[in-house]
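Architecture at a glance
Single-letter residue listing:
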Amino acid sequence: MRLHRDGETRERPVDLPETFNSLLGLDVQTRKVYRNNGRRYLVYRGALRNGRNVVIIWRTTQGWTKKDYKRDRDFVVENKLTAGADEVFVNGDSLIPGAQSLDPLFKERMFAGVEA
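The text that follows walks through the structure, step by step, so that each part is easy to find.

The rules we used
Residues numbered from 1 in each chain as written. Predicted model: local features only at pLDDT ≥ 70, side-chain atom pairs only at ≥ 80, totals over all residues. Heavy atoms only, no water. Salt bridge = Lys/Arg side-chain N within 4 Å of Asp/Glu carboxyl O. Helix = DSSP H or I, 4+ residues; strand = E, 2+ residues; numbered from the N terminus. Buried < 20%, exposed > 50% of the residue type's maximum accessible area, 1.4 Å probe, protein only. Core = buried A, V, L, I, M, F, W, Y, C linked by side-chain atoms within 4.5 Å. Contact = heavy atoms within 4.5 Å. Polar contact = N/O pair within 3.5 Å; in protein donor to acceptor, adjacent residues only side chain to side chain. Arc of directions from axis to C-beta.

**Overview of the pattern of salt bridges**
Enumeration according to the criterion identifies 6 salt bridges in this entry. For Asp72, the salt bridge is made with Arg59, and the minimal N-O distance between the two is 2.9 Å. Here Asp72 is found in helix H2 (residues 66–78), whereas its partner Arg59 is found in the loop between strand S5 (53–58) and H2, with 13 residues between them in sequence. Take Asp72 and Arg59: they sit in the same class, and that class is buried. Beyond isolated ion pairs, a larger network of salt bridges with shared partners links Arg39, Asp68 and Arg71.

**Structural notes on the nonpolar core**
Counting residues in hydrophobic clusters, the biggest one holds 13 residues, and the most contacted among them are Phe20, Leu24, Val54, Ile56, Trp58, Phe89 and Leu102. The set of elements that each furnish at least two residues to this core consists of helix H1 (16–24), strand S4 (39–47), S5 and helix H3 (103–110). Looking at this core, the element that brings in the most residues is S5, giving 3 residues. Not counting chain neighbours up to four residues away, the residues in contact with Ile56 comprise Phe20, Asn21, Leu24, Leu26, Leu42, Val43, Tyr44, Phe89 and Leu102. Counting residues in hydrophobic clusters, the runner-up holds 11 residues, among them Val55, Trp64, Val90 and Ile96.

**Some details on the side chain of Arg39**
With respect to the helices and strands, Arg39 occurs in strand S4. Among the polar contacts listed, one links the side chain of Arg39 to the side chain of Asp68, at a separation of 2.5 Å. Not counting chain neighbours up to four residues away, the residues in contact with Arg39 comprise Tyr34, Trp64, Asp68 and Arg71.

**Let's talk about H1**
Of all the residues in H1, the buried ones are Pro17, Phe20, Asn21 and Leu24. Mapping the buried residues of H1 onto a view down its axis gives an arc of 100°, with all of them on the same face. Downstream of H1 by a residue or two, Gly25 has a phi angle that is positive, lying close to 80°.

Dropping the structure here:
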């Protein structure tokens, strides 16, 4: 992202998981990295202002086949990554029971009008 401040333009990296957490209003309670056969899972647990418990799972899915999504589902279920959550968000597509893609919500919140 390019930021212009004090007459100078600087490039800053964007942290998508942290940005999503902020847009969602998530009070992060834990952030943990899991590994499964070389695949990295970044899992956030937290609560929303309304008290609902949320799990957010980030992983790289580019090039995945149906078999990969099944392995993904099995890993999440076996490791109980969504246990106790009222809502589960994942980036991209998923076969994880009860999970919904965070992509539409991210775009909606990111580009929503700003109140003055």
